[in-house]
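Structure assessment
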Amino acid sequence: MIGETSYILLLAGIVSFGLVVMVLFYSSCWILFSKAGEPGWASIVPIYNMIVYYRIGGNPWYWILFMFIPFANIYFGIKALNDFLKVYGKGGTGSVLLALFFGLFYLPYLAFSKNVKCVV
């Protein structure tokens, strides 16, 4: 039988892991935005970060509206991701699949790698 303190420790571990993942993700986005010449703080502001994300990829800002349309959001989301990755010289099917399925590892690679530069 697991005691109450075990549940508290498990919960603390899960919350700590989530915080580490969140800090890693947002710091990666901050650096990627900065590499593209945009302010890094824009990556942590809701909705505005999507406007800047689309601007970096060369897409119009109103693509955000397509994110509310079922099935269209899949197409426009993947297209925007591909365009965003092209800015860093990593566009294509392989890079998009890596970002979709292993984004927790791929975004920090793009952000912290000295070999990945913004090509725009």
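Residues numbered from 1 in each chain as written. Predicted model: local features only at pLDDT ≥ 70, side-chain atom pairs only at ≥ 80, totals over all residues. Heavy atoms only, no water.

Examining the layout of surface pockets
The condition that has to hold: A cavity here means a set of points on a 1 Å grid, drawn over the protein atoms and nothing else, where a 1.4 Å probe fits but cannot get out; a pocket is an open set with protein on both sides within 12 Å along at least five of seven lines, and a residue lines either one if it has an atom within 4 Å of a point. Grid points are joined across faces, edges and corners, and a volume is the space filled by probe spheres set on the points. Under the DSSP-based scheme used, a helix requires at least four consecutive residues in state H or I and a strand at least two consecutive residues in state E, with every element numbered from the N terminus. Here the term charged refers only to Asp, Glu, Lys and Arg, the term nonpolar to Ala, Val, Leu, Ile, Met, Phe, Trp, Tyr, Cys and Pro, and the term polar to all other amino acids, Gly among them.
The volume enclosed by the largest pocket comes to roughly 460 Å³. Lining the largest pocket we find 21 residues, and of these Phe-25, Cys-29, Met-50, Tyr-53 and Leu-107 sit closest to its centre. At the level of secondary structure, the elements contributing two or more residues to the lining of the largest pocket comprise α1 (4-35), α2 (48-57), α3 (72-87) and α4 (93-112). Of the residues assigned to the lining of the largest pocket, the class counts are 17 nonpolar, four polar and no charged.

Some thoughts on unusual backbone geometry
The condition that has to hold: Residue burial is assigned from relative accessible area. The probe radius is 1.4 Å, only protein chains are included, and a residue is buried under 20% of its type maximum, exposed over 50%, and partly exposed in between.
In this structure, Ile-47 takes a positive phi of about 70° despite not being glycine. Relative to the helices and strands, Ile-47 is located in the loop between α1 and α2. By relative accessible area, Ile-47 is classed as exposed at 61%. For Phe-71, which is not glycine, the phi dihedral falls at a positive 70°. Its place among the elements puts Phe-71 in the loop between α2 and α3. Phe-71 sits in the exposed class, given a relative accessible area of 69%.

Concerning α4
We apply this condition: Each residue after the first adds 1.5 Å to the expected span of a helix. We call two residues contacting when some pair of their heavy atoms lies within 4.5 Å.
Across its 20 residues, α4 extends only 22 Å between first and last C-alpha, which sits more than 12% below the 28 Å expected from 1.5 Å per residue. For α4, every residue scored as buried is listed here: Ser-95, Val-96, Ala-99, Gly-103, Tyr-106, Leu-107, Pro-108, Leu-110 and Ala-111. For α4, the elements touching its buried residues are α1 and α3.

As for the packing of aromatic side chains
Rules: Here a pair means two rings of Phe, Tyr or Trp (six-membered ring of Trp) with centres within 6.5 Å. Their orientation is stacked below 30 degrees between planes, edge-to-face above 60, and tilted elsewhere.
In the structure shown here, the tally under the stated rule is eleven aromatic pairs. Aromatic pair Phe-25 and Tyr-26: ring centres 5.4 Å apart, planes at 70°, arrangement edge-to-face. Put simply, the rings of Tyr-53, Tyr-54, Trp-63, Phe-66, Tyr-75, Phe-76, Phe-84 and Tyr-88 pair up and form one aromatic cluster.

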